[in-house]
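# Analysis of the macromolecular model
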Amino acid sequence: MNSMIAAFKTALSKYATLQGRASRPEYWWWVLALVILFAILRLVDGALVAPLLGFEVFSEDAGQPISMLVSLGLLLPAISVSVRRLHDVDKSGWWLLLAFVPVIGALILLYFYVQRSDDDANQFGAPEPFR
């Protein structure tokens, strides 16, 4: 749990920092934190916000306003931690554009994200310890 909180704090403290590196644990704890956060927000949107907007509980027509606002706020940290993760495996952040290629792009990025970190310094700097 401490690792997840540390990863979340690190990603938010480097809000739009595209320089440096993000270790594999830092990236995956960040992803897990986002999955948990958005699961909770989806419940809040469906159970509390939908009735306030005049829709039935968990109605698909109600939308998810809280989730959408939070996702907009976390978009830059998500991009920056992804770019720094690519830097950690000695890839340029431009590889993130593969996300726009359906299926194949996501699979290639997943392959990069699960790779071991470079133990030594690479063109993007020395490995940053994750606490």
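Structure's up top.
These lines cover the structure that appears in this document, whether it is placed above or below.

Calculation rules
Residues numbered from 1 in each chain as written. Predicted model: local features only at pLDDT ≥ 70, side-chain atom pairs only at ≥ 80, totals over all residues. Heavy atoms only, no water. Helix = DSSP H or I, 4+ residues; strand = E, 2+ residues; numbered from the N terminus. Buried < 20%, exposed > 50% of the residue type's maximum accessible area, 1.4 Å probe, protein only. Polar contact = N/O pair within 3.5 Å; in protein donor to acceptor, adjacent residues only side chain to side chain. Patch = residues over 30% accessible without salt bridge, like charges linked within 9 Å, V, L, I, M, F, W, Y side chains within 5 Å. Areas by Shrake-Rupley, 256 points an atom, 1.4 Å probe, with all protein chains shown as cover. Salt bridge = Lys/Arg side-chain N within 4 Å of Asp/Glu carboxyl O.

### Section: the side chain of Arg21
Within the fold, Arg21 resides in the loop between helix 1 (2-13) and helix 2 (24-52). In this structure Arg21 comes out as buried when scored by relative accessible area, which is 1%. A polar contact of 2.8 Å, which involves the side chain of Arg21, links it to the side chain of Asp88. Polar contacts involving the side chain of Arg21 include one to the main-chain carbonyl oxygen of Gly125, which spans 2.8 Å.

### Thoughts on a nonpolar patch on the surface
Taken together, the side chains of Leu12, Tyr15, Leu18, Leu75, Leu76 and Ile79 make up a nonpolar region of the molecular surface, amounting to roughly 480 Å² of accessible area. With three residues, the top contributor of residues to the nonpolar patch is helix 4 (residues 75-88). Mapped onto the elements of the fold, Leu12 is located in helix 1. Judged by relative accessible area, Leu12 falls into the partly exposed class, the value being 33%.

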